[in-house]
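Spelled out from the first residue to the last, the chains are:
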Amino acid sequence: MPNIVLIGFMGTGKSAIGRVIARALNFKFVDSDQMIEEVTGLTVNQIFRKHGEIRFRSEEDLVLAKLAKGDHLVIATGGGAILNHKSMEALKKNGYFVLLTADPEVILERVSRKNTRPLLAKGRNLENVNNLLAEREESYHYYADATIDTSRQDIEDSARQIIRIVKEKWSYEKS
Ligand code: S3P
């Protein structure tokens, strides 16, 4: 089975759902933001604050390039990973991309619970969420092999849905 790569906006549930999928499939779960924090010894917030977004993106590229070489992985990417075409293409070679979406209101509610999203630090409001979503929408859909809406279902149901989709796709490809 290929790696399962979760893409999508902040607050769509990539990490929480990814963990459940990995456990169910006996895959390893990796969160690219967490890996960046381990490699740099800085939090995502600190990288943005001290070095800026460009530096964060280059750390993100390095981590994603490394993950692209792995297998039996469930990879939760950062919400802006789709901005790097080269990393996405590398992950695509051995990865099935599932786009997680959620209504802007739901995203806002979820991201407001924690203060770990530097891109929304200036204003966690619906307008900023909608603007960033509009900028990225096309890229998210461009890379997605499947899309699921996590607005109205819990983590376990989303994970089950993804496992079903990936298994169906995989058995179809094998036959
Ligand atoms: C970002 C999303 C974050 C993190 C960073 C930038 C983005 O990840 O990578 O703050 O550009 O949307 P999550 O989607 O896991 O919050």
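Details of the structure are given in the entry above.
These notes cover the structure that comes with them.

Conventions adopted
Residues numbered from 1 in each chain as written. Predicted model: local features only at pLDDT ≥ 70, side-chain atom pairs only at ≥ 80, totals over all residues. Heavy atoms only, no water. Axes fitted to C-alpha atoms, helices over the stretch in contact; angles between N-to-C directions. Helix = DSSP H or I, 4+ residues; strand = E, 2+ residues; numbered from the N terminus. Parallel < 35°, antiparallel > 145°, perpendicular 65-115°, else oblique. Contact = heavy atoms within 4.5 Å. Nonpolar A, V, L, I, M, F, W, Y, C, P; charged D, E, K, R; others polar. Buried < 20%, exposed > 50% of the residue type's maximum accessible area, 1.4 Å probe, protein only. Pairing = 2+ DSSP bridges. Arc of directions from axis to C-beta. Polar contact = N/O pair within 3.5 Å; in protein donor to acceptor, adjacent residues only side chain to side chain. Expected span 1.5 Å × (residues − 1). Salt bridge = Lys/Arg side-chain N within 4 Å of Asp/Glu carboxyl O. Core = buried A, V, L, I, M, F, W, Y, C linked by side-chain atoms within 4.5 Å.

### What to know about the packing of helix α2 (residues 32-40) against helix α4 (residues 53-68)
Step number 1: For the pair α2 and α4, interaxial distance at closest approach is 9 Å and the crossing angle is 110 degrees. By the angle between their axes, α2 is roughly perpendicular relative to α4. Contact with α2, carried on its side by Ser32, Asp33, Met35, Ile36, Val39 and Thr40, involves Phe56, Glu59, Glu60, Val63, Leu64 and Leu67 of α4 and no other residues of that element.
Step number 2: Split into classes, the residues belonging to the contact of α2 with α4 amount to seven nonpolar, two polar and three charged.

### Quick look at the environment of Asp33
Step number 1: As for its placement among the helices and strands, Asp33 is situated in helix α2.
Step number 2: With relative accessibility at 26%, the residue Asp33 sits in the partly exposed group.
Step number 3: Taking the C-alpha atoms as reference, Asp33 lies 8.9 Å from Val63; in sequence the two are 30 residues apart.

### Quick notes on the sheet that holds strand β5 (residues 146-149)
Step number 1: Spatially, five strands are ordered β2-β3-β1-β4-β5 in an open sheet, and the strand pairing comes out parallel. Strands with a single pairing partner mark the edges of an open sheet, and in this sheet they are β2 (28-31) and β5. Each strand axis lies, on average, 20 degrees off the axis of its neighbour in the sheet, ignoring direction.

### Digging into helix α5 (residues 85-92)
Step number 1: Those residues of α5 not exposed but buried are Ser87, Met88 and Leu91. Down the axis of α5, the buried side of the element spans an arc of 100 degrees, and every buried residue falls inside it.
Step number 2: The inward-facing, buried residues of α5 contact β1 (3-8), α4, β3 (73-76), β4 (95-101) and α7 (126-143).

### Let's talk about the side chain of Thr12
Step number 1: Along the polypeptide, Thr12 turns up in the loop between β1 and α1 (14-25).
Step number 2: A residue is classified by how much of its surface remains accessible, and Thr12, at 1% relative accessible area, is buried.
Step number 3: A distance of 2.7 Å separates a polar atom in the side chain of Thr12 from the backbone oxygen of Phe9.
Step number 4: Apart from residues no more than four positions distant in its own chain, Thr12 is found in contact with Ile17, Leu100, Thr101, Ala102, Ile107, Arg110 and Thr150.

### Topic: α1
Step number 1: If you check α1, its first and last C-alpha atoms are 16 Å apart, about what 12 residues at 1.5 Å a residue would give, namely 16 Å.
Step number 2: Residues of α1 that are buried: Lys14, Ile17, Gly18, Val20, Ile21, Ala22 and Leu25.
Step number 3: Elements that come into contact with the buried residues of α1 comprise β1, β2, β3, β4 and α8 (155-174).
Step number 4: A positive phi of about 60 degrees marks Asn26, the residue just after α1.

### Some points on the pattern of salt bridges
A side chain with one charge can pair with a side chain of the opposite charge if their charged atoms come near.
Step number 1: Counted by the stated rule, this structure contains seven salt bridges.
Step number 2: For Glu53, the salt bridge identified is with Arg57, shortest N-O distance 3.0 Å. One end of the pair is Glu53 and the other is Arg57, both in helix α4 and four residues apart, which spans about a single turn.
Step number 3: A relative accessible area of 31% means that Glu53 is categorised as partly exposed.
Step number 4: Between Asp145 and Lys92 there is a salt bridge, with its nearest N and O atoms 3.1 Å apart. You can see Asp145 sitting in the loop between α7 and β5 and its partner Lys92 sitting in helix α5, a full 53 residues away along the chain.
Step number 5: Here the residues in one salt-bridge network are Glu53, Arg57 and Glu60, joined through shared partners.

### Overview of the nonpolar core
Step number 1: One finds Phe9, Leu67, Met88 and Leu91 to be the most contacted residues of the largest nonpolar core, which totals 35 residues.
Step number 2: Apart from residues no more than four positions distant in its own chain, Leu91 is found in contact with Val5, Leu64, Leu67, Ala68, Ile75 and Phe97.
Step number 3: Core analysis: the second largest hydrophobic core is formed by 20 residues, Ile17, Val20, Leu25 and Tyr96 among them.

Remember, this is a structural readout, not a statement about activity or role.
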